[in-house]
Amino acid sequence: MVGAPGAGKGTQAERLGARLGLVHVASGDLFREVAAQDGPLARQVEQAMAQGRLVPDDVTVRLVLDRLARPDVRDTGAILDGFPRTGPQAEALDTALRKQGARVDQALYVGVREPELRRRLSGRWLCRAAGHPYHVVEHPPRVPGACDIDGSPLYQREDDRPETVQARLEQQLPPMYDVVDHYTERGILTAVDGEQSIDEVTAALVQVIAAVAPAR
């Protein structure tokens, strides 16, 4: 699942995973799992997340490949959310899967224009316990300031504040477009309009998968 920060790829990956019986593997979840531990790797990941920077490619690739090696993924397959985020990550994933006789079957690109991304990101809040996302306009919590799922307090990351959103997009969009180009060149990328409603985006993605899957 490819998309810019704020495009809604996490929501769609979770929905598709449940619908298709695939394990939803989110790089953000892996980063939070590591950051909660102790040691140099945990501090490196935690610092990158706090500053809104991409976690280094070698660390990200290692964490994702370790996750893909677990039995649940081997049995069902997975939908990747937030990975790969750079061209080198995409190439490393292709190489690793090829050694296992596997491959990326489809790349789904949720496209959203930059002005809309800025609006979405500046209104986003997360719960402290597990990072469940909320938005002040599109997905507000039932109780202001508290997560609907676990009741933990909500907070806004430094890089989701309006004054820092543009810098974040300038840093993260170019490598994301490299990933789009990578899978376009492989002939497996399909784009959908991410500015539709959540249900409409899901329906479009399901339609794409149903149309493409039999041929691959």
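Structure first, text after, so check above.
Sequence order sets the numbering: in each chain, residues are counted from 1 along the sequence as written. In keeping with the predicted nature of the model, local features appear solely for residues at pLDDT of at least 70, side-chain atom pairs appear and are counted solely at 80 or more, and the whole-chain, interface and lining totals rest on all residues. In computing side-chain values, all of the structure's heavy atoms are included and hydrogens and water are not.

Chemist: Pulling in residues and values, what's your account of the packing of helix 7 (residues 114–122) against helix 8 (residues 162–185)?
Modeler: Between helix 7 and helix 8, whose axes approach to 10 Å, the crossing angle comes to 125 degrees. Here helix 7 lies oblique to helix 8, going by the angle between them. As for the relative orientation of helix 7 and helix 8, their crossing is right-handed in sense. In contact with Glu114, Leu117, Arg118, Leu121 and Ser122 of helix 7, helix 8 contributes Pro162, Val165, Gln166, Arg168, Leu169, Leu173 and Tyr177. A fitted line through C-alpha atoms serves as each axis, taken over the contacting stretch for helices, and the angle formed by two N-to-C directions is quoted from 0 to 180°. Think of it this way: any DSSP run of H or I at least four residues long counts as a helix, any run of E at least two long counts as a strand, and we number them from the N terminus. Roughly parallel covers angles under 35 degrees, roughly antiparallel covers those over 145, roughly perpendicular covers 65 to 115, and oblique covers all other angles. A crossing counts as left-handed when the near helix is turned anticlockwise from the far one by less than a right angle, and as right-handed when that turn is clockwise. When checking whether two residues touch, look at their non-hydrogen atoms; a contact exists if any pair is within 4.5 Å.

Chemist: An account of a nonpolar patch on the surface is requested, with residue identities and associated values reported.
Modeler: Patches here: salt-bridge-free residues with over 30% relative accessible area, like charges joined within 9 Å, nonpolar side chains (Val, Leu, Ile, Met, Phe, Trp, Tyr) joined within 5 Å. Reported accessibility uses the Shrake-Rupley method at a 1.4 Å probe radius. Residues are deemed covered only where the shown protein chains occlude them. For salt bridges, the criterion is a side-chain nitrogen of Lys or Arg within 4 Å of an Asp or Glu carboxyl oxygen. Where nonpolar side chains cluster on the molecular surface, the patch consists of Trp125, Val136 and Val137 and spans about 290 Å² of accessible area. Examined against the element boundaries, valine 136 turns out to sit in the loop between strand 6 (133–135) and strand 7 (154–155). When its relative accessible area of 53% is taken as the criterion, valine 136 is described as exposed. Relative accessibility thresholds used throughout: buried, under 20% of the residue-type maximum; exposed, over 50%; partly exposed, between the two (1.4 Å probe, protein chains only).

Chemist: Could you give me a rundown of the packing of aromatic side chains, with the residues and numbers involved?
Modeler: Paired rings are identified among Phe, Tyr and Trp, the last through its six-membered ring, by centres lying within 6.5 Å, and are further divided according to the angle between planes into stacked (under 30 degrees), edge-to-face (over 60) and tilted (the rest). One pass over the structure, following the stated rule, counts zero aromatic pairs. Stacked on the ring of tyrosine 155, the Lys or Arg arginine 128 has its end atom at 4.2 Å from the ring centre. Comment: the charge-over-ring label is applied if NZ (Lys) or CZ (Arg) is within 6 Å of the ring centre and within 35 degrees of the ring normal.

Chemist: I'd like to hear about the state of the cysteines, residue by residue, with values.
Modeler: Cysteine sulfurs are considered disulfide-paired once they come within 2.5 Å of each other. In this structure the tally under the stated criterion is zero disulfides. Cysteine 147 supplies the cysteine sulfur nearest to cysteine 127, a cysteine that is in no disulfide, at a spacing of 3.9 Å. By relative accessible area, which is 5% here, cysteine 147 ends up buried.

Chemist: So, the sheet that holds strand 5 (residues 124–127): which residues are in play, and what are the values?
Modeler: Here three strands make up an open sheet; going across it, the order is 6-5-7 and the pairing antiparallel. On the outer flanks of this sheet lie strand 6 and strand 7, each paired with one strand and no other. Bridge count for strand 5 against strand 6 is three bridges, and the pairing is antiparallel. From the neighbouring strand, leucine 126 faces strand 6, where its bridge partner is proline 133. For two strands to pair, DSSP has to find at least two bridges joining them.

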